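Tertiary structure, described
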Amino acid sequence: MKRIFSFLISLLVLGAMHAVPAQAETSPPQPPRQSNGLALTPPMGWNTWNKFGCEINETVIRQAADAMVSSGMKDAGYEYIVIDDCWQSGRDAKGQIVADAKRFPSGMAALGEYIHSRGLKFGIYSDAGKLTCGKHPGSLGHEFQDARTYASWGVDYLKYDWCSTYTQDAKSTYETMSDALRASGRPIVFSICEWGLNKPWLWGKTIGNLWRTTDDIYDHWQGKHGYEHGVMDILDLQVGLESYSGPGHWNDPDMLEVGNGKMTLEEYKSHFSLWAALAAPLMAGNDLAAMTPEIKAILTNKEVIAVDQDPLGIQARRVAKHGDFEVWARPLQGGGRAVVLLNRSSASHTVTVTWDDLHLPSSLSLKVRDLWAHKDLPNAKGSFSAEVPSHGVAMVRLE
Ligand code: GAL
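Residues numbered from 1 in each chain as written. Predicted model: local features only at pLDDT ≥ 70, side-chain atom pairs only at ≥ 80, totals over all residues. Heavy atoms only, no water.

Right, let's get into the site of the ligand. Taken together, 13 residues form the shell around the ligand, and within it Asp84, Asp85, Lys159, Asp161 and Asp216 come nearest. Between Asp84 and the ligand, the recorded distance is 2.7 Å, taken from a side-chain N or O atom to an oxygen atom. A distance of 3.1 Å is found between an oxygen atom of the ligand and a side-chain nitrogen or oxygen belonging to Trp195. Taken by itself the ligand offers 310 Å² of open surface, and the protein chains cover 95% of this. (Near = heavy atom within 4 Å. Polar contact = N/O pair within 3.5 Å; in protein donor to acceptor, adjacent residues only side chain to side chain. Areas by Shrake-Rupley, 256 points an atom, 1.4 Å probe, with all protein chains shown as cover.)

Right, let's get into the packing of helix H3 (residues 58–70) against helix H5 (residues 108–117). Two numbers describe how H3 lies on H5: the axes approach to 10 Å, and their chain directions differ by 15°. It follows that H3 is roughly parallel to H5 by the angle criterion. Like other packed secondary-structure pairs, H3 and H5 cross with a definite hand, here right-handed. Contact residues: Glu58, Ile61, Arg62, Ala65 and Asp66 in H3; Ala110, Leu111, Tyr114 and Ile115 in H5. (Axes fitted to C-alpha atoms, helices over the stretch in contact; angles between N-to-C directions. Helix = DSSP H or I, 4+ residues; strand = E, 2+ residues; numbered from the N terminus. Parallel < 35°, antiparallel > 145°, perpendicular 65-115°, else oblique. Left-handed = near helix turned anticlockwise from the far one by under 90°. Contact = heavy atoms within 4.5 Å.)

One turn of the α-helix equals 3.6 residues, which is why residues spaced by three or four share an orientation. Taking 1.5 Å as the rise per residue, H3 with 13 residues should run 18 Å; its terminal C-alpha atoms sit 18 Å apart, in good agreement. If you check which residues of H3 are buried, you get Glu58, Val60, Ile61, Ala64, Ala65, Ala67 and Met68. Elements in contact with the buried residues of H3: strand S1 (44–47), helix H2 (49–52), helix H4 (73–76), strand S2 (80–82) and H5. The positive-phi residue at the C-terminal boundary of H3 is Gly72, with phi of around 90°. (Expected span 1.5 Å × (residues − 1). Buried < 20%, exposed > 50% of the residue type's maximum accessible area, 1.4 Å probe, protein only.)

This next bit is on the sheet that holds S1. Taken in spatial order, the 8 strands line up as S11-S8-S7-S6-S5-S2-S1-S12 in an open sheet, and their pairing is parallel. Every other strand in the sheet has two partners, leaving strand S11 (250–252) and strand S12 (282–284) as the edge strands with one partner each. Shown here is a sheet whose adjacent strand axes are inclined to one another by a mean of 25°, direction ignored. Taken together, the 4 bridges between strand S6 (residues 157–161) and strand S7 (residues 189–192) define a ladder with parallel strand orientation. Bridging from a neighbouring strand, Tyr157 pairs with Val189 of S7. (Pairing = 2+ DSSP bridges.)

In this section: the sheet that holds strand S18 (residues 375–381). Each strand in a sheet pairs with its neighbour through backbone hydrogen bonds, running either in the same direction (parallel) or in the opposite one (antiparallel). Ordered in space as S13-S14-S15-S20-S17-S18, the 6 strands form an open sheet in which the pairing is antiparallel. Only two strands of the sheet have a single partner each, and these edge strands are strand S13 (317–322) and S18. In this sheet, neighbouring strand axes are inclined to one another by 25° on average, regardless of whether the strands run parallel or antiparallel. Relative to strand S20 (residues 393–398), helix H9 (residues 265–277) is tilted by about 35°, and along the sheet it contacts strand S14 (325–331), strand S15 (337–343) and S20.

As far as domains go, the protein holds domain 1 (44–308) and domain 2 (317–398). Computed over C-alpha atoms, the centres of domain 1 and domain 2 are 31 Å apart. At the junction of the two partners, domain 1 supplies 26 residues and domain 2 supplies 22 residues. Taken together, the two surfaces of domain 1 and domain 2 that pack against each other cover about 2,100 Å², and 61% of this comes from carbon and sulfur. Across the domain 1-domain 2 interface, the total number found is 4 salt bridges. Among the salt bridges present, the one from Asp236 reaches Arg318, with a minimum N-O distance of 3.1 Å. (Domains from an automatic or database assignment. Buried area = accessible area lost by both parts, 1.4 Å probe. Salt bridge = Lys/Arg side-chain N within 4 Å of Asp/Glu carboxyl O.)

At a closest axis distance of 8 Å, the pairing of helix H6 (residues 143–153) and helix H7 (residues 170–183) adopts a crossing angle of 40°. In terms of orientation, H6 lies oblique with respect to H7. In the crossing of H6 with H7, the sense of the turn from one axis to the other is right-handed. The segment H6 lies against H7, with Glu143, Phe144, Asp146, Ala147 and Tyr150 engaging Thr176, Met177, Asp179, Ala180, Leu181 and Ala183. Each residue belonging to the contact of H6 with H7 can be placed in one class, and the counts come to 7 nonpolar, 1 polar and 3 charged. (Nonpolar A, V, L, I, M, F, W, Y, C, P; charged D, E, K, R; others polar.)

Quick look at the pattern of salt bridges now. As enumerated under the stated definition, the model contains 21 salt bridges in all. With a closest N to O distance of 3.4 Å, Arg212 and Asp254 form a salt bridge. Linking Arg212 in strand S8 (residues 210–212) with Asp254 in the loop between S11 and H9, this pair joins segments that are 42 residues apart in sequence. Taken individually, Arg212 and Asp254 each receive the classification buried, so the pair is uniform in this respect.

By definition, a disulfide is the covalent link that joins the sulfur atoms of two cysteine residues. Under the defined criterion, the tally for this structure stands at 2 disulfides. Paired by a disulfide, Cys54 and Cys86 hold their sulfur atoms 1.9 Å apart. Linking Cys54 in the loop between H2 and H3 with Cys86 in the loop between S2 and strand S3 (88–91), this pair joins segments that are 32 residues apart in sequence. On the basis of relative accessibility, which here comes to 27%, the residue Cys54 falls in the partly exposed class. (Disulfide = S-S within 2.5 Å.)

What follows covers the side chain of Thr48. Mapped onto the secondary structure, Thr48 falls in the loop between S1 and H2. The contact partners of Thr48, leaving out residues within four places of it in the chain, are Gly53, Ile56, Ile61, Val82, Ile83 and Asp84.

A few words on the nonpolar core. Grouped together as the largest cluster of nonpolar side chains are 87 residues, with contacts concentrated most on Trp46, Tyr78, Trp87, Met108, Phe272, Trp275 and Leu299. Mapping this core onto the domain boundaries places at least three of its residues in each of domain 1 (44–308) and domain 2 (317–398). Counting 20 residues, the second largest nonpolar core, distinct from the first, contains Phe325, Leu360, Phe384 and Ala394. (Core = buried A, V, L, I, M, F, W, Y, C linked by side-chain atoms within 4.5 Å.)

Time to look at H9. When the terminal C-alpha atoms of H9 are compared, their 18 Å separation across 13 residues agrees well with the 18 Å that a helix rising 1.5 Å per residue should span. With respect to burial, H9 is a largely interior element, 10 of its 13 residues being buried. Listed in full, the buried residues belonging to H9 are Glu267, Tyr268, Ser270, His271, Phe272, Ser273, Leu274, Trp275, Ala276 and Ala277. Where H9 terminates, the next one or two residues include Ala279, which has phi positive at roughly 55°.

Structure, rendered in structure tokens:
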């Protein structure tokens, strides 16, 4: 009798266990995630990492904010001041993330207020795993709490890294933080930084506003160094990703190295021109408080920036490649084309774009505007050529 009774109980328990997944399967379908409506043109700003690494403190940040205004970068469109890794010291008893009190004695809310008082926006960094790449606390298990904390500090932009994530699923991990940011009630641009490992261009569009397409950049023209890539290596990795980018969701070939000292001015001009053609986020990564007039002139070239910020948001394609000589082009609002003629070789060379490369009739006569010389050149018919220095570019607008 006892046996029959326990057999009946087991049947009941098994039945109940079976009912759980069946119920889950019949729960109402979730509406698809919508874009958050932010970053309709590629975000522009400055980030601590490329120049300062972990050597950051509130003085460095304040000086950068001041310099962004006084240098004319703010007027040129730069807006976000982003504190990258190493600002965190730990979590308190309630699990609340705590900023390093030695480096940031005034606290993050005060720093956010300072940045806002300069008419700029405040960005911060965290990581989707337990630890950041610099071994500080990441947000895993604290996503909603951290998003609320950032919102209370006035954060406008979050870069979210991918260290120590082991077997985590990238899409659902970034979805969690995306939901947490939305739930915070503050508009926060979401920068997905998982280095292109899980093809974020395939799933990131309604989760974040930009996604890194590669491993880290370093201040170098060409060649890899561990997980770091030179500018030309990163450029090559953008081919094929063009159609995934657009208003509100950008391919991110990583931050700028312009002005960090290891490339020539010509190379920095090329780096900047190509990033603008790619509709890349323009995150300066140099010491803004100590830049030379030449570097400032590159970073604030308004005609090049206008290409980056073109409202159509169409990323340039490599439309011609003849060995070391390449043509990158993108359509612009109003029917014009931005064209970059790139010379990767070690000697100066003539580089040509034909109207055929641009799918335009060769009989067309087009106005040519030189975006570095800031002057109109004679009209061109069928093709346009320029003498381009080694590792240099010519950048024009054809209309
Ligand atoms: C890397 C990231 C860099 C920088 C660094 C900080 O993973 O790609 O841009 O954020 O972590 O530790």
